[in-house]
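Given next are the chains, with one letter for each unit.
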Amino acid sequence: MALFEAHQLHLRFGDRVVLEDVSLAFEAGRLSGIMGPNGAGKTTCFNVLTGRYRPDRGRVMFDGADITGRSPQAIARLGIARSFQLMNLFDEFTVFENVAIALPQTRRRGADPIGQAYGDATVVEEAHELLDTVGLGARADHIAKALPYGERRALEIAVALASRPKLLFLDEPTAGLGSDGRARLAELVRRLKGQVTLVVIEHDMEFLFSLADTISVIHWGQVIARGSPDELRTNPWVKNSNLGKLA
Amino acid sequence: MRTGRTVPTLTPAMIAIWLAFATVPLWIEKVGLYQYLGVEILIFATYALAYNLVLGHSGLPSFGHGAFFGLGAYGFGLAQLNLVPDLWFCLAAAVVVASVGGALVAAFISHRRGIYYSLLTIAFGQVFWFIAIKSHAITGGEDGLLKIARLPARFGVATFDLTHNISLFYFVLAIFVVVSLLLWRLVHSPFGRILKAIKQNETRARFVGYDVWRFKAAVLVLSAGLSGLAGGLFAMAQSSAFPDVMSLHYSGYIVMMTLVGGGLVTFWGPVLGAIVFLLARDVIGAVTTGWMLWFGLLFVALVIHKPEGLGGMFIRPARPAPADAKK
């Protein structure tokens, strides 16, 4: 059984159907890709899977439990983290604090109104480990909003990793990055693969096809194809679309 | 906050501020002012610190906080006149009544943010103000609740008379010290940093697992309770409680104090704002009855040229990270 499954999700905004009978399954320890043209419904799908939107119909299962309609914080606590297409950081915090605030130890002490915020030695240690993992160890004391764009992307991944997720959703992690930034991010994602189950929405086909174990193609709010990168390269629909040319 | 840095409970600035306040009764009359002004400044400084917990530290724009200050004032007065005329009991009543009011409001507005949060706080503030005016049998209506005594402070074997402004000043200073110390610890605690995180990015906070609603509700209740404590002290200081402290324009005063002082960027900004506001009221007010016009102009000038407030003059802005640092 897959770690995460979505069964026949359906969502409409007003009279516009944005997801129609979308079913997805993500195997533990693998990197699953989601691709599709702009406006296909990929990010909306992520938003349903991570609790931001409640589907009109369908079920979302994680680790054998039905999590349909649960709040984002409840889903996060179960071990699902995500990054965002548009940068979503604590901009006024330092790089260190962005990660430290997301650690489960800090969350558990959330009701403490007088203790030291990061007095727990494991918080400092783990935050630095995570920052080293994403290549931001030297930036720990910089204010997040002052970081260059590529490093902010890496920090977003570190914040998502801080909650020690079993499953990490990355929404267009290479968006806005130059070739160097993409290469660094690909390297980071390659290192994460195997440590955590990854689901990546991506427009950069080279990036996705080189890393993903399986890919689902979403268009008009439906899953129109799925398979390994090699299978998708020969898929008639993908071959005839712009996506196929890029792949 | 820098990597793993612990924040000291007592800081030189904190001690300097407390000591500076402690000298006020020694010189305030020599500079042409009066002892009661010192009491008022301390009460409003306490109120502003409590208010800033919501506005500055949590980013929740409450514009109806006068309701909690007023609830505290009435709570203190009604407890004294109808229940037990004991200072500690009455102050506790002020805190409890304001906290209950805060909890009631929080239950309805904690899922909102920004302009919708503001509008709801104004609406609730007006509701409390209206109830205070119309409940003549309980609150005295527009005539207010009169004959509230300055009760003595009993500490077991010793009892301190607070009927004189100087003794009341030192009593209020002691409360200010305790409240400012607690709030200082709170804003640097896990709870306080999570509030700061929610202020910056509610969505991100939710997606790393925080129940944002609970934090927003808790901080409003806490802020309301401490505002109520200030309200109780105010009722005792002026020996009465009136509904006008719950009105929209009184709620606006605390917003102005907090913003002028720099509550958005510094912990002590609201204290500075309370001092500037009340001094302006008395000093400019001695020259012209239109003192609020001049203070309003100062407020406009600050918002345009120094939106962080007076406290912002002591804060350095963040700089971009150097490009040659480790990637």
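Residues numbered from 1 in each chain as written. Chains lettered and ligands numbered in written order. Predicted model: local features only at pLDDT ≥ 70, side-chain atom pairs only at ≥ 80, totals over all residues. Heavy atoms only, no water.

## Here's the deal with the overall build of chain B
The number of helices and strands found in chain B is 14 helices and two strands. Rg of the C-alpha trace for chain B: 20 Å, near the compact-globule value of 20 Å for 327 residues, within the 12% margin. Seen through its principal axes, chain B has C-alpha atoms that stretch 70 × 45 × 45 Å. Across the 327 residues of chain B, 54% fall into the buried class. Side chains of chain B carry 23 positive and 12 negative charges; the gap between the two charge centres is 15 Å. (Helix = DSSP H or I, 4+ residues; strand = E, 2+ residues; numbered from the N terminus. Rg over C-alpha atoms; globule rule 2.2 N^0.38 Å. Buried < 20%, exposed > 50% of the residue type's maximum accessible area, 1.4 Å probe, protein only. Lys, Arg positive; Asp, Glu negative; His and termini not counted. Charge placed at Lys NZ, Arg CZ, Asp CG, Glu CD.)

## Brief notes about the side chain of threonine 46 of chain B
Residues and elements named next belong to chain B. Note that threonine 46 resides in helix H3 (residues 35–55). The exposure class of threonine 46 is buried, given its relative accessible area of 0%. In contact with threonine 46, not counting residues within four places along its chain, are Phe176, Val179 and Ala230. (Contact = heavy atoms within 4.5 Å.)

## Looking at the interface of chain B and chain A
The interface of chain B with chain A comprises 37 residues on the first partner and 49 residues on the second. Buried area between chain B and chain A, summed over both chains or domains, comes out near 3,800 Å², and the portion from carbon and sulfur atoms is 59%. In this assembly, chain B and chain A are joined by two salt bridges. Linking arginine 204 of chain B and glutamate 156 of chain A is a salt bridge whose minimum nitrogen-to-oxygen distance equals 3.4 Å. Only helix H8 (165–187), helix H9 (190–200) and helix H10 (202–207) of chain B provide two or more residues apiece to the side of chain B that touches chain A. (Buried area = accessible area lost by both parts, 1.4 Å probe. Salt bridge = Lys/Arg side-chain N within 4 Å of Asp/Glu carboxyl O.)

## Some points on unusual backbone geometry
All names here are of chain A. Positioned with a positive phi, arginine 164 is a non-glycine residue whose angle comes to about 50°. Residue position: arginine 164 is located in the loop between helix H6 (149–162) and strand S7 (167–171). Positioned with a positive phi, tryptophan 220 is a non-glycine residue whose angle comes to about 50°. With respect to the element layout, tryptophan 220 can be found in the loop between strand S9 (214–219) and strand S10 (222–227).

## With respect to the sheet that holds strand S1 (residues 4–13) of chain A
Residues and elements named next belong to chain A. Spatial strand order, S2-S1-S4-S5: four strands in an open sheet with antiparallel pairing. Pairing within the sheet leaves two strands with one partner each, and these edge strands are strand S2 (16–26) and strand S5 (65–66). Strand contacts of helix H1 (residues 42–49): S1, S2 and strand S4 (57–62), with the helix running at about 65° to S2, the strand carrying the most contacts. (Pairing = 2+ DSSP bridges. Axes fitted to C-alpha atoms, helices over the stretch in contact; angles between N-to-C directions.)

## Thoughts on the packing of aromatic side chains
What characterises a pair of aromatic rings is the spacing of the ring centres plus the angle enclosed by the ring planes. Considering all chains together, one arrives at 29 aromatic pairs over all chains under this definition. Ring geometry for phenylalanine 4 of chain A versus phenylalanine 169 of chain A: centroids 5.5 Å apart, planes at 80°, classification edge-to-face. Highlighted residues: phenylalanine 4 of chain A in strand S1 and phenylalanine 169 of chain A in strand S7, separated in sequence by 165 residues. In this structure, phenylalanine 4 of chain A and phenylalanine 169 of chain A share a single accessibility class: buried. A network of ring pairs unites the aromatic residues Phe4, Phe26, Phe46, Phe62 and Phe169 of chain A as a single cluster. Geometry around phenylalanine 84 of chain A places arginine 82 of chain A over its ring, the cationic atom sitting 4.2 Å from the centre. Over the aromatic face of phenylalanine 207 of chain B sits the side chain of arginine 82 of chain A, whose NZ or CZ is 5.5 Å from the ring centroid. (Phe/Tyr/Trp six-rings, centres within 6.5 Å; stacked < 30°, edge-to-face > 60°. Lys NZ or Arg CZ within 6 Å of the ring centre and 35° of its normal.)

## A few points about the nonpolar core
Membership of the largest hydrophobic core comes to 158 residues, with the highest contact counts inside it found for Leu155 of chain A together with Ile43, Phe76, Leu87, Phe171 and Phe176 of chain B. Element by element, the count of residues in this core is highest for H3 of chain B, at 16 residues. Residues in contact with phenylalanine 76 of chain B, not counting those within four places in the same chain, are Leu87, Cys90, Leu91, Ala94, Ile148, Ala149, Leu151, Gly232, Ala235 and Met236 of chain B. Counting 26 residues, the second-largest nonpolar core is a separate cluster that includes Phe4, Val22, Ile67 and Ile80 of chain A. (Core = buried A, V, L, I, M, F, W, Y, C linked by side-chain atoms within 4.5 Å.)

## Comments concerning the pairing of strand S3 (residues 31–35) of chain A
All names here are of chain A. The buried fraction of S3 is high, at five of five residues. Where S3 and strand S8 (residues 197–201) come together, four bridges link them in parallel fashion. Residue isoleucine 34 lies in a different strand from S8, and its bridge partner there is isoleucine 201. One ladder, built from four bridges, connects S3 with S9; its direction is parallel.

## Details of the packing of helix H4 (residues 66–82) of chain B against helix H11 (residues 212–237) of chain B
All names here are of chain B. Contact pair H4 / H11: the axes reach a minimum separation of 6 Å and the direction vectors enclose 50°. When the axes of H4 and H11 are compared, the pair comes out oblique. Crossing of H4 against H11: the hand is right-handed. Across the interface between the two elements, Phe68, Phe69, Gly72, Ala73 and Phe76 from H4 touch Leu220, Ala224, Ser227, Gly228, Ala230, Gly231, Gly232, Phe234, Ala235 and Met236 from H11. In terms of residue class, the contact of H4 with H11 is built from ten nonpolar, five polar and no charged. (Parallel < 35°, antiparallel > 145°, perpendicular 65-115°, else oblique. Left-handed = near helix turned anticlockwise from the far one by under 90°. Nonpolar A, V, L, I, M, F, W, Y, C, P; charged D, E, K, R; others polar.)

## Things to note about the environment of arginine 185 of chain B
Mapping arginine 185 of chain B onto the fold places it in helix H8. Under the relative-accessibility criterion, arginine 185 of chain B is labelled buried at 8%. A sequence separation of 157 residues divides arginine 185 of chain B from isoleucine 28 of chain B, and the C-alpha atoms of the two residues are 31 Å apart. When sequence neighbours within four positions are dropped, the list of residues in contact with arginine 185 of chain B reads Pro113, Ile114, Gly115 and Gln116 of chain A together with Val7, Pro8 and Thr9 of chain B. Within the structure, arginine 185 of chain B has its side chain in polar contact with the backbone oxygen of glycine 115 of chain A (distance 3.4 Å). A polar atom in the side chain of arginine 185 of chain B sits 3.1 Å from the backbone oxygen of valine 7 of chain B. (Polar contact = N/O pair within 3.5 Å; in protein donor to acceptor, adjacent residues only side chain to side chain.)

## Points about a nonpolar patch on the surface
Residues and elements named next belong to chain B. A contiguous nonpolar surface patch, about 480 Å² in accessible area, is contributed by Leu26, Trp27, Val31, Ile166 and Tyr170. Of all elements in the fold, only helix H2 (24–27) and H8 reach the threshold of two or more residues within the nonpolar patch. Locating tryptophan 27 in the fold gives a position in helix H2. Note on tryptophan 27: relative accessible area 39%, which makes it partly exposed. (Patch = residues over 30% accessible without salt bridge, like charges linked within 9 Å, V, L, I, M, F, W, Y side chains within 5 Å. Areas by Shrake-Rupley, 256 points an atom, 1.4 Å probe, with all protein chains shown as cover.)

Bear in mind that shape data such as this cannot, by itself, settle questions of function.
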